[in-house]
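Residues per chain, in single letters:
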Amino acid sequence: MKRVLLVNWEKCIGCRTCEMICSLLNEERCNPTEARITVIKFEEKGADFPVYCQNCEAPACEAICPAKAIYKDDITEAVLVDIRRCIGCRMCILACPIGGLSFHPARKEIIKCDLCKGDPACVKYCPEGALEVVSLDTIGVKRRRENIRKFSSYLDMMTGGKE
Amino acid sequence: MLKIVIDGKEVEVEEGLSVLELAEKIGVKIPTLCYHPAVSAYGACRVCIVEVIEKGLSKLTTSCTCPVESGIEVKTNSEKVKKTRKLIVEMLLARCPDAKIIQDLAKQLHVEKTRAPQKNENCILCGLCMRICREIIGVDAIGFANRGHKRKVTTPFEIQSDVCLGCGACAFVCPTGAIKIEDVEDKRKIDMWHTELGKVKCERCGRYFFPESAVEYVKRKSLQDVDGFLKLCPDCRKRVLANKLVCGW
Amino acid sequence: MNGYSGKILFIDLSENQTSTIETSLYSREYLGGRGIGVKLLYDMVRPKQDPLGPENILVFMTGPLTGTLTPSSGRVDIVTTSPESNLLGGSNAGGFWGPELKWAGYDGVVIKGKAKNPVYIQIYNDEVKIKDAQKLWGKDVFETVKILRQGNEENQVACIGPAGENKSNLSGIAFNFRNYAARAGVGAVMGAKNLKAIAVRGTKGSDIYDTKALQEICLEIQNREKMMPLYKDAPSWHWKLFQSLEEDGKAFFGNYESFLWEDRIKAVQNVKEFIQQNHLKPESCLTCPLRCWAHFSIRGEEGAPIIACQGTWPSIAYFMKLSDPYYIWRIYTLCQKLGLDVGGTSAVMALAADLYEMGVISFKDTKGILFELGNGKAFAEAIEKLAKREDFGDILAEGIKKAVQKIGRGAERYAVHSKGGTELWLMEVRPFKGAALTCAVTDSGSCNRATYAFPDFYYRSMQKQAKMVAKNIVGKEDAADPTRYDYKPKMVLFYENMHIFADSLGVCAIPFQPVGLELWSRSFSACTGIKLQLKDLMLTVERIRTLERLFNLREGLKREDDTLSQRLFKEAIKEGPWKGEVLDREKFEAMKDEYYFLRGWDNDGRPTEKTLENLGLK
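Residues numbered from 1 in each chain as written. Chains lettered and ligands numbered in written order. Predicted model: local features only at pLDDT ≥ 70, side-chain atom pairs only at ≥ 80, totals over all residues.

Help me out: how do you make sense of the overall build of chain C in this one?
Each helix and strand counted, chain C has 26 helices and 15 strands in total. Taken over C-alpha atoms, the radius of gyration comes to 22 Å for chain C, in line with the 25 Å a tight globule of 618 residues would show. Counting the 618 residues in chain C, one finds 61% classified as buried. Pairs at least 24 residues apart make up 69% of the contacts formed inside chain C by residues separated by at least 6 positions. (Helix = DSSP H or I, 4+ residues; strand = E, 2+ residues; numbered from the N terminus. Rg over C-alpha atoms; globule rule 2.2 N^0.38 Å. Buried ≥ 20, exposed ≤ 12 C-beta atoms within 10 Å, placed from the backbone. Contact = placed C-beta atoms within 7 Å.)

See below:
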């Protein structure tokens, strides 16, 4: 069964440990700009929100990639980029409504959340347990839709349209 | 399934692959310059040549364009291949002495100097940029012009392109980095294509983030822009997402 | 370089020049943060310079662990010559500014000279720009941060408010909307240099030597931190602290006067309700699980986070005897906006009220401000004037010791301050002999950063814990009794050392001891690739400590300056759980003797030749 990453926003304390572990695992460096997850802070309002690629059911990036370099992983169903086929046109970056993909400036590659091969590290390192891996059973699907409904107008694209 | 021998090893492979693709699949390394998995093979740079023995006759051919056929024997690094590849790189080095990728290849193959007359080009006329633009992006903005020693890749009539998206894929795939893209304030300049394109200004932060024509391309091909996200740079899209959450906070 | 960023940025505001040096020149011997800070101060500043003059330097130094996966690694240390004490001034702040500086490629920034006109500095990786700050001068902290974040939302901003601009000795340096390096008048030094703000944006990140090891250590440290009693309580600590002060017998009211205030139960109740009604969400500094900050939203007002643990709210409530939580909130926010040290300002207000009541100062002196305990409106007014150095505020802005010297008329009798004249914050030290010793001998620049978590303070409420700690450090459980003078020097040494480690490694002092030095050292090795032996660590700590001492000696410090204000030796506590406690001068001096000996210093508090040789400080 597909698993997705879910955020319980009220639990986030804005510590950015997720950014640290994500960049450390993927780039061998602690660098928020190289992380696949970003904590957006509203310091005056006291709100912190981790944002990342939603690994949509009907990804806009996969649909637009002219080189057909974006695909879904066999096992995790995470949306992945075949770096070898990528032609660097950046259409995927443009097509994503939530800025889920970015271009690594030094390695010149598309980077995005790939769910760490099915066992996301940020979930383990978040001290508050704000990040959760949820299996898409009936309850999981419902929770995912409720979650995404709060921030995106592209609910069906992201969750596959079923309630 | 087809049975062939490659570098002395017997392998079975499905139909439809080129010799280069087969080699990649089984982990045999063959150097390339003008090859890209997303587009058709062209055989322009000649670096990927291998020796193919069929029905007792041996020939040198580019592995990217050579289809795997039943019963062939492939030698990817025989003396003949090595000697010829060395010569090819020697000539490439003479044309583009400053291209790092060619310098590296030369070093690998122990090519020290070139006997051919020296030039100072960066482009090896492999046509990869043209193939990407035509087959993948689909706007066909650039192509070959002229023949012989005057041959070059350029836009029609060598003037500003009216179809170029400014996506930069050509520069990204170019093996020698011959295509330079310059981002200056609100414009993207690609001198080699005599083209200058305006960029879209992010509605929220004011930064110029991508050429307008590329954004239009996405608009045409993509899902409906329900919330106007195409007017925002990707960083601001994250913030706007978070903002929606704050409003419900 | 791994762990460290590798470069220290030097900015000369007089010459409008920037340059960098290699951090490795200092990191071996001085570790980082506070250690490298004091070394740079000692080398670069000639003796007895005017702290507000161009020769003084202002050092912002992170540690090797700052900005890495290591938990609680958001800290930056500030070192300079303090205009309040004319001795070494030091303060420390958390949040995200220090990490961003690391990610921009710098372990620290050193500011020297003085700009001709108000300027601010914008750092973006290798790009360092000194820009005109005319439009920012006069703006409060919140406005300044907002302006400097326009078009650059991830810009981390260190700035001063009007208090720093007017060179008040009670001004601090703010980091974004929340964190502060509040002590020693560091804000005044920045204001004297005409430097309004340093904004940083960094995208290079911190290189890590052993990523696998660091990952394991991170989880271990997180678990240790979650076992701390504070962890569970942290979100409610903002009002629970009041209760714990009561339990420890640390609560006092006014100018260290009364231990019994009939409104104190009401005050705690009011604050508790206020906080519970308006509390939004707990927050942390970089990679810290503790979430000791909390965001408040007061209807109709722009909210700003409130600090827990360091007693800022109790300071306001108890020093000024304010039981109305809206006034406490207003004064807290006022201090945050103006750029003032909340603890120090509250102490000064209490003193002023005391002097007013005793007739030492009058209506005429205060130009109409009615200084009386409980009068929140008057205090708010006075604080504004203190920040702007207007009227009587100009005298109060000097800090307690210099203020009473200016007032004269026997005002010194009422003053309570630590060494050099720095305010004691909400710390009654007469019953807590070990804490008192720390405040007297510390050369760290602010007494609170030496006394944090000292067992004297929690003996009453957590006796078992205090006894266990005492047994571990000095081998005797009963040594934990706060009113004892013996065994304390050794404990003081231990806590000073712990604090130096935390401040030099770039991690927070709050979880430092519970996590344990071993885990932090392992994290250091994982980040930098440098193996630290305990022996080398202890030598490094002694070196840093002794260099702090050498600096102060060079500024003219004498043995008799290692003391607290006279009042703490002359006046016994009148009432409450510690009735009768006072500092015994003879026993106090004996503690100092033992402390000096333990540090390898002579009886005048001067490091011996042998010590200097051992530490490579000749």
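Here the narrative resumes, following the displayed structure.
Help me understand the overall build of chain A in this model?
Of regular secondary structure, chain A possesses six helices and nine strands. For chain A, the C-alpha radius of gyration of 15 Å lies close to 15 Å, the compact-globule estimate for 163 residues. Projected onto its principal axes, the C-alpha positions of chain A cover 40 × 40 × 30 Å. Split into buried and exposed, the 163 residues of chain A put 56% on the buried side. For chain A, the proportion of contacts with a sequence separation of at least 24, taken over those separated by at least 6, is 56%.

How should I be thinking about the interface of chain B and chain A in this particular structure?
Many structure descriptions define interface size as the accessible area lost when the parts assemble. The interface of chain B with chain A comprises 33 residues on the first partner and 33 residues on the second. Sorting the residues of the side of chain B that touches chain A by element identifies helix 4 (128–137), helix 5 (169–173), helix 6 (212–221) and helix 7 (234–247) of chain B as the ones contributing at least two each. Top contributing element to the side of chain B that touches chain A by residue count: helix 7 of chain B, with ten residues. Its residues assigned to classes, the side of chain B that touches chain A shows 22 nonpolar, four polar and seven charged. (Nonpolar A, V, L, I, M, F, W, Y, C, P; charged D, E, K, R; others polar.)

Please explain helix 6 of chain B as it appears in this structure.
Every α-helical turn comprises 3.6 residues, leaving residues that sit three or four positions apart pointing alike. Of the positions making up helix 6 of chain B, those classed as buried are B:Ser213, B:Ala214, B:Val215, B:Tyr217 and B:Val218. Of the surrounding secondary structure, the elements contacted by the buried residues of helix 6 of chain B are helix 2 (60–64) and helix 3 (91–95) of chain A together with strand 10 (195–201) and strand 11 (208–211) of chain B.

Please clarify how the interface of chain A and chain C should be interpreted in this entry.
Listed by partner, the interface residues are 20 residues for chain A and 29 residues for chain C. Broken down by secondary-structure element, the contributors of at least two residues to the side of chain A that touches chain C are helix 1 (17–27) and strand 2 (29–30) of chain A. Here the element with the most residues in the side of chain A that touches chain C is helix 1 of chain A; it accounts for five residues. In the side of chain A that touches chain C, the residues fall into eight nonpolar, six polar and six charged. Sheet topology note: the strand 2 of chain A/strand 13 (residues 206–207) of chain C ladder contains two bridges and is antiparallel. (Pairing = 2+ DSSP bridges.)

Teacher, can you tell me more about the packing of helix 2 (residues 33–44) of chain C against helix 23 (residues 534–554) of chain C here?
Residue and element names in this part refer to chain C. It is at 9 Å that the axes of helix 2 and helix 23 come closest, and there the two elements cross at 35°. Along this stretch, helix 2 crosses helix 23, giving a crossing that reads as left-handed. Facing helix 2, whose interface residues are Arg34, Gly35, Val38, Lys39, Leu41 and Tyr42, helix 23 presents Thr540, Ile544, Leu547, Glu548, Leu550 and Phe551. Each residue belonging to the contact of helix 2 with helix 23 can be placed in one class, and the counts come to seven nonpolar, two polar and three charged. (Axes fitted to C-alpha atoms, helices over the stretch in contact; angles between N-to-C directions. Left-handed = near helix turned anticlockwise from the far one by under 90°.)

Even after reading the chapter, I still don't get the nonpolar core, so can you show me in this structure?
Within soluble globular proteins, side chains that are nonpolar tend to cluster in buried spots. In this structure, A:Cys92, B:Cys129, B:Ile132, C:Val59, C:Val271, C:Ile316 and C:Ala352 are the most contacted members of the largest nonpolar core, which totals 333 residues. If we ignore the near neighbours within four places in the chain, the residues touching C:Ala352 are C:Phe371, C:Ala382 and C:Leu396. (Core = buried A, V, L, I, M, F, W, Y, C linked by C-beta atoms within 7 Å.)

Help me understand the sheet that holds strand 9 (residues 187–190) of chain B, please; the structure alone is not making it clear to me.
Backbone hydrogen bonds hold the strands of a sheet together, and the pairing may be parallel or antiparallel. All names here are of chain B. Read across the sheet, four strands follow the order 8-9-10-11 without closing on themselves; strand pairing throughout is antiparallel. Only two strands of the sheet have a single partner each, and these edge strands are strand 8 (182–184) and strand 11. Geometrically, the sheet is characterised by an average inter-axis angle of 35° between neighbouring strands, direction not taken into account. One ladder, built from three bridges, connects strand 10 with strand 11; its direction is antiparallel. From the neighbouring strand, Lys199 faces strand 11, where its bridge partner is Pro211. Its contacts with the sheet place helix 6 against strand 10 and strand 11, and it is angled at close to 65° to strand 10.

Help me out: how do you make sense of the sheet that holds strand 2 (residues 9–13) of chain B in this one?
Residue and element names in this part refer to chain B. Sheet architecture is open: five strands sit in the order 2-1-5-3-4, paired in mixed fashion. Single-partner strands in this sheet number two, and they are strand 2 and strand 4 (57–62). In this sheet, neighbouring strand axes are inclined to one another by 30° on average, regardless of whether the strands run parallel or antiparallel. Note that strand 3 (residues 49–54) and strand 5 (residues 73–75) share three bridges and pair antiparallel. Note on strand 5: the bridge partner recorded for Glu51 is Lys75. Lying on the sheet, helix 2 (residues 79–95) is in contact with strand 3, strand 4 and strand 5; it crosses strand 3 at an angle near 145°.

How do you make sense of the domain arrangement of chain C when you look at a structure like this?
All names here are of chain C. You can read the domains of chain C as domain 1 (7–201), domain 2 (239–416) and domain 3 (433–510 + 533–614). Computed from C-alpha coordinates alone, the two centres of domain 1 and domain 3 are separated by 28 Å. Across the boundary between the two partners, domain 1 contributes 36 residues, which contact 25 residues of domain 3. Class assignment of the residues belonging to the side of domain 1 that touches domain 3 gives a composition of twelve nonpolar, 17 polar and seven charged. (Domains from an automatic or database assignment.)

Explain the environment of C:Ile328 here, please?
Tracing the chain through its elements places C:Ile328 in helix 12 (residues 325–338). Discounting chain neighbours no more than four positions away, the residues touching C:Ile328 are C:Val271, C:Trp313, C:Ile316, C:Ala317 and C:Leu322.

I'm lost on unusual backbone geometry in this one. Help?
The phi angle of most residues is negative, glycine excepted, and most peptide bonds adopt the trans form. Residue and element names in this part refer to chain C. Even without glycine at this site, Ala184 takes up a positive phi of about 65°. Note that Ala184 resides in the loop between strand 11 (179–181) and helix 6 (186–192). The backbone of Lys367 shows a phi angle near 50°, a positive value even though the residue is not glycine. The residue Lys367 is located in the loop between helix 13 (342–357) and helix 14 (376–388) in this model.

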